[in-house]
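Inside the fold
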Amino acid sequence: MREHDIVIIGGGPAGLAAAVAARKEGIQDILILERDGVLGGILNQCIHNGFGLHTFKEELTGPEYAARFIDMVEAENIPYLLNTMVLDINKDKEVTIINREEGLTVIKARAIILAMGCRERPRGALNIPGYRPAGIYSAGTAQRFVNMEGKTVGKEVVILGSGDIGLIMARRMTLEGAKVKVVAELMPYSGGLKRNIVQCLDDYGIPLKLSHTIVDIQGKERVTGVTLAKVDENRRPIPGTEETISCDTLLLSVGLLPENELSRSAGVDLNPVTLGPLVDDSLETSAEGIFACGNVLHVHDLVDYVSEEAAMAGVSAASFVTIGQKTRTDFVEIAAEQGVRYTVPQRLDTEHMKDQITVRFRVADVYKDRYISVYYDGERVSHKKKRVLAPGEMEQVIIKKESLSEFPELKKIVICTEVE
Amino acid sequence: MKEMHYDAAIIGGGVIGSAIARELARYDMKICVADREEDVCSGTSKANSAIVHAGFDAYPGSLKAKFNLEGNRMMEELSKELDFSFIKNGSLVLCFSEEDRKGLEELYEKGVQNGVEGLSILSGDEVRKMEPNVTEQVVGALYAPTGGIVCPFGLTIALAENACDNGVEFLLNTEVTGIEKTSEGYDLTTNEGIIHATYVINAAGVYADEFHNMVSEEKLTIIPRKGDYLLLDKEAGTHVSHTIFQLPGKMGKGVLVTPTVHGNLLAGPTASDVESKEDVSTTAGELSDILTKAAFGVKNIPFRQVITSFSGLRAHEVGNDFVIGEVKDAPGFFDAAGIESPGLTSAPAIGVYVAELVAEKTGAKKKADFNPIRKGIIDTRKLTLEERSKLIKEDPRYGTIICRCEGVSEGEIVDSITRTLGAVSLDGIKRRVRAGMGRCQAGFCGPKTMEILARETGRDIEDICKNRPGSNMLEKEEGGAANERA
Amino acid sequence: METRELTCIRCPLGCQLKVTIEENEISVTGNSCNRGIEYGKKEVLSPTRMVTSSVRVKGGEHIMVSVKTSQDIPKDKIFDCMEEIRKVTVNAPVAIGDVIIKDCAGTGVSIVATRNVDTKS
């Protein structure tokens, strides 16, 4: 059986950054598996700017950001297979792949980095009632058609969900001559970045209707209209608030779901909130030698953080290959409480941890003037005020190894929000 | 106006029309199937519970009882002849209270009278032993080991393909709008011309009453009865292993929860009589009704994993039974009408019965060269590593995965387009090979599948439709330099 | 006197700014910090934006190449630029940074490629 030190599943931003980092740690035998015909993943269709401010200190478009990492992979001569789909990963870290050239092949990996990214939540998951005509697209699919294929998906558009891709597509479709009539958002706040609301909606006079949803879709062949209604605090449509809007296209930007079907087959435990693997501070999953990074781990809003996280996974996988299995100590649990929905990582290996680790998390609601606090076994060790916290913007706290020295018996770290 | 001549014209390319076509193809006759949609299996046959009923539910002595039993008994062998998915997973009818137990026993008695084999009544604990996710409220159940599940598209398309391979012509996008009695038989007016047919078989689903009433004074009334369904991700597919019905009781009619042959979990249907025979829109109320009702019988259904909802119309005839046979005051005109549940199960048997009726009337002889075998599209997921590698070596298109959720290769998609009665729309491909049927609902594979369909059928990608004409996925661009293709 | 309402995008707080323009005087209220004043002034004086799109490629491994304005352009020139961008078809190969349109729509700003597109093999 063919064997490799590190097999990376996915050649998007996470996979590429992980590969480069692992190579820098001295691992020669790396293989990237990419299902598409090119490297770069979803960045290739994200032609808008706003990428790379943290990583490269300049504002790049998606394809440019991807190209920087593709160039590094090429410069390092890291091997990759394109048009190659991974069908299965088993508990022995055997990866079954399929492509035109080799048919079905099984590759044995010493370490695996999961970097498969995420997919969009489809209409069905929302149970929007009505007909099922053509003209209903997830925002990312429309983005691919418009940006990569140069096609017109529609002329009169309603967008449900104010996730970033939806906002970006509102502007994009407008620039291409379509009329975007409204962006409706179920929640009382947008799931997207503020700058996208201003630059993609406000700039073009596109109304954003918060606390609204679609209660009916009309049209038997192609969409002819949708019915919008206001929702109450329990997100239930309020009778009498219905408004029908004619349109030929409905774009959905209603959330992203990490693609963890392969992780599951590999025996990796998942977190019910992130829908991604449970990881420790080295980004190792519950399956030994299998690491995860990027949107397959948890959905990010900035690619810069994906790259940073992926580099960490690359370094950890490299260390797993060279040093071998860590003698595991008891993990310290990192818990999300009081307004914090989840954290990544969810546990900390205090013995092997780096000098400092970044814990990323999202809050559950929009909060103003709240504190983010960190507790070590019930003792508050950090307490920082934030002017505003929003679910759409990922937050982070740094945990320094030296701060743990006074807590030799530490069992649990809590990250929470506090009013005072 | 185009003139077309046939010995027999079947109206409707659903499971009933296709089953009759396939059986009639055994005889030396010139036969056509006319359907208004772009593909077969586009009406009721595509949106139903996909159940092969055991046959305990129908009133003894009814046509429903007769054809259900016969169809159930035919299904396994037919699935081998025609290469479609069928699993005999057994079914359970849950009883929720001691007062309802009498109903359960009546059901058992009906089943025995109908000739259903292997029926037994289980205690609540016995049921939970078989199905750990059945709720504590359940006090007993009727167990029918002969119940099964089938792929409704697989069944219908297999029947139609086999009919087509044996000489039946399928006239698609052909809507029959009028029927007139002539001295030789009947003239069917369609948007594509006149079909002159000696015999007409009416298998028009929810519209069967309209065609019947064009030729007969004994009127039929078919009420479209809508049912909404929820389909869950394959991750939820093993939540139950049997098809789980609920005994109608004080909680109302109940809904079923069943695995599908493809490993998803299906819950539904609701039942509401609707005005329009085109109304296949789901409603919020009904969808939430499914959640509530399903939870009576099966606990912890992971409804977060719903990947799609859909709705279908049952052709409910007010007489409450199938209407099958030659119409008394319209000789040569045969009905297969009012085919609601257990219609899918009954289809193979109805096909044989109606074909024999028609053949007897015409005196047509059986053909010597009828080929009952149809080879389906290769399901690469069922091949071994070696078999699959060999296939890819022979045809590399089987090595390119297009639909990642369902693991469908380009080779399978191309086959679905280029074979007999091949797919012409995205829904047609989806029903044949499941591309776009999975958890992302064509988000990723949609653009690629469209490209393949355009390439294989020599059309522009802007002309690719989701299903019927007019359901184009993309807008045609106006002319100009921007429209030049690279 | 003219007043405009803006949402500051300098940080996630998203202050609702009220910008008042009077003769030579611009005043900003509703801000929480100085960055809000800066943002408000620039937005009413000379708002600029980057424009990104994609153009058709002939003979390339991909049929479209993504492009951007090499720097921000005045906001009111966005649609003029888009009109020019839509008319263009380029020949492969294209490299990141290649100028696709010089001085787009009289802005003095070029449209440059943001993706490498090789010739079709």
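Since this is a predicted model, take the numbers as computed values, not measurements.

All right, on to the overall build of chain B then. Looking only at helices and strands, chain B has 12 helices and 22 strands in total. Taken over C-alpha atoms, the radius of gyration comes to 23 Å for chain B, in line with the 23 Å a tight globule of 486 residues would show. Judged by the C-alpha coordinates and their principal axes, chain B covers about 65 × 60 × 45 Å. Buried positions account for 62% of the 486 residues belonging to chain B. In chain B, of all internal contacts separated by at least 6 residues, the share reaching a separation of at least 24 is 73%.

With respect to the helices, strands and loops of the structure, threonine 20 of chain C is situated in strand 2 (residues 16-22). For threonine 20 of chain C, the residues in contact, after removing those within four places along its chain, are Met1, Glu2, Thr3, Glu25, Ile26 and Ser27 of chain C.

What describes a pair of aromatic rings is the distance from one ring centre to the other and the angle between the planes of the rings. Counted by the stated rule, this structure contains 11 aromatic pairs over all chains. Residues tyrosine 376 of chain A and phenylalanine 407 of chain A carry aromatic rings whose centres are separated by 5.1 Å and whose planes lie at 90 degrees to one another, so their mutual orientation is edge-to-face. Here tyrosine 376 of chain A is found in strand 24 (residues 367-376), whereas its partner phenylalanine 407 of chain A is found in the loop between strand 26 (395-400) and strand 27 (412-418), with 31 residues between them in sequence. Residues tyrosine 229 of chain B and phenylalanine 310 of chain B carry aromatic rings whose centres are separated by 5.0 Å and whose planes lie at 15 degrees to one another, so their mutual orientation is stacked. Residue tyrosine 229 of chain B is found in strand 13 (residues 222-232), and its partner phenylalanine 310 of chain B is found in strand 18 (residues 306-317); the two are separated by 81 residues along the sequence.

Turning our attention to the interface of chain A and chain C. Between chain A and chain C, the contact holds 30 residues from the first and 27 residues from the second. Roughly 2,600 Å² of surface becomes buried between chain A and chain C when both sides are summed, with 57% attributable to carbon and sulfur atoms. Considering only the side of chain A, the residues that lose the most area to chain C are Glu64, Leu175 and Lys194 of chain A, jointly responsible for 20% of the buried surface there. Where chain A meets chain C, there are four salt bridges. Across the pair lysine 75 of chain C and aspartate 203 of chain A runs a salt bridge, and its minimum N-O distance is 3.1 Å.

All names here are of chain A. At a minimum axis distance of 8 Å, the contact between helix 4 (residues 164-175) and helix 5 (residues 194-201) shows a crossing angle of 20 degrees. By the angle class used here, helix 4 and helix 5 are roughly parallel. Where helix 4 crosses over helix 5, the two elements pack in a sense that is left-handed. Judged by residue contacts, Asp164, Leu167, Ile168, Ala170 and Arg171 of helix 4 engage Asn196, Ile197, Gln199, Cys200 and Leu201 from helix 5. For the contact of helix 4 with helix 5, a count of residues per class yields six nonpolar, two polar and two charged.

Before going further, it helps to spend a moment on the sheet that holds strand 10 (residues 111-113) of chain C. Residues and elements named next belong to chain C. Taken together, the five strands give an open sheet; going across it, the order is 8-5-6-10-9, and neighbouring strands pair in mixed fashion. Where the open sheet ends on each side, the last strands, each with one partner, are strand 8 (89-91) and strand 9 (99-101). Pairwise comparison of adjacent strand axes, ignoring direction, gives a mean angle of 45 degrees for this sheet. Here strand 9 pairs with strand 10 via two bridges, running antiparallel.

Turning next to the interface of chain B and chain A. Contacts between the two partners involve 52 residues from chain B, matched on the other side by 46 residues from chain A. For the chain B and chain A pair, buried surface summed over both sides reaches about 4,100 Å², with 54% attributable to carbon and sulfur atoms. The largest contributions to the chain B side of the interface with chain A come from Arg404, Arg439 and Glu475 of chain B, which together make up 15% of the buried area. On inspection of chain B and its partner chain A, the count reaches six salt bridges. Residue glutamate 462 of chain B is joined to lysine 151 of chain A by a salt bridge in which the shortest nitrogen-to-oxygen separation is 3.3 Å. Our enumeration of links across chain B and chain A arrives at 19 residue pairs in polar contact (both at pLDDT 80 or more). Sorting the residues of the side of chain B that touches chain A by element identifies helix 7 (284-297), strand 18, helix 9 (385-394) and helix 12 (445-457) of chain B as the ones contributing at least two each.

Attention shifts here to the confidence of the model for chain C. With 98% of its residues at a pLDDT of 70 or more, chain C has an overall mean of 92. The ipTM assigned to the predicted complex is 0.91, against a pTM of 0.92.

Residues and elements named next belong to chain B. Relative to each other, helix 2 (residues 63-82) and helix 8 (residues 343-362) sit at 95 degrees, their axes nearing to 6 Å. With respect to helix 8, the element helix 2 is oriented roughly perpendicular. Every residue of helix 8 that contacts helix 2 at Lys64, Lys66, Phe67, Asn68, Glu70, Gly71, Asn72, Met74, Met75 and Leu78 is listed here: Leu344, Thr345, Ser346, Pro348, Ala349, Ile350, Val352 and Tyr353. Along the lines of polarity and charge, the residues of the contact of helix 2 with helix 8 split into 10 nonpolar, five polar and three charged.

Scored by pLDDT, chain B comes out at a mean of 94, with 98% of its residues at no less than 70. pLDDT under 50 marks residues 479-486 of chain B. Its contacts with residues more than four places away, or in other chains, come to 15 contacts.

Attention now moves to helix 1 (residues 15-24) of chain B. Where burial is concerned, most of helix 1 of chain B is hidden: 10 out of the 10 residues are buried. Taken together, the buried positions of helix 1 of chain B are Val15, Ile16, Gly17, Ser18, Ala19, Ile20, Ala21, Arg22, Glu23 and Leu24 of chain B.

Tallied over the full model, the rule gives 68 salt bridges over all chains. Between arginine 419 of chain B and glutamate 161 of chain B there is a salt bridge, with the nearest N and O atoms lying 2.5 Å from each other. Of this pair, arginine 419 of chain B sits in the loop between helix 10 (410-418) and helix 11 (426-433) while glutamate 161 of chain B sits in helix 5 (residues 152-165), and the two are 258 residues apart along the sequence. Assessed through its relative accessible area of 1%, glutamate 161 of chain B is described here as buried. For the salt bridge of aspartate 379 of chain B with lysine 382 of chain B, the shortest nitrogen-to-oxygen distance reads 3.8 Å. Residue class for aspartate 379 of chain B comes out partly exposed when judged on its relative accessible area of 25%. Overall, the relative accessible area of 64% leaves lysine 382 of chain B in the exposed class. Salt bridges sharing partners connect three or more residues here, namely Arg35, Arg119, Glu259 and Glu261 of chain A together with Asp233, Arg404 and Arg439 of chain B.

Rules and cut-offs
- Residues numbered from 1 in each chain as written.
- Chains lettered and ligands numbered in written order.
- Predicted model: local features only at pLDDT ≥ 70, side-chain atom pairs only at ≥ 80, totals over all residues.
- Heavy atoms only, no water.
- Helix = DSSP H or I, 4+ residues; strand = E, 2+ residues; numbered from the N terminus.
- Rg over C-alpha atoms; globule rule 2.2 N^0.38 Å.
- Buried < 20%, exposed > 50% of the residue type's maximum accessible area, 1.4 Å probe, protein only.
- Contact = heavy atoms within 4.5 Å.
- Phe/Tyr/Trp six-rings, centres within 6.5 Å; stacked < 30°, edge-to-face > 60°.
- Buried area = accessible area lost by both parts, 1.4 Å probe.
- Salt bridge = Lys/Arg side-chain N within 4 Å of Asp/Glu carboxyl O.
- Axes fitted to C-alpha atoms, helices over the stretch in contact; angles between N-to-C directions.
- Parallel < 35°, antiparallel > 145°, perpendicular 65-115°, else oblique.
- Left-handed = near helix turned anticlockwise from the far one by under 90°.
- Nonpolar A, V, L, I, M, F, W, Y, C, P; charged D, E, K, R; others polar.
- Pairing = 2+ DSSP bridges.
- Polar contact = N/O pair within 3.5 Å; in protein donor to acceptor, adjacent residues only side chain to side chain.
- pLDDT = per-residue confidence, 0-100.

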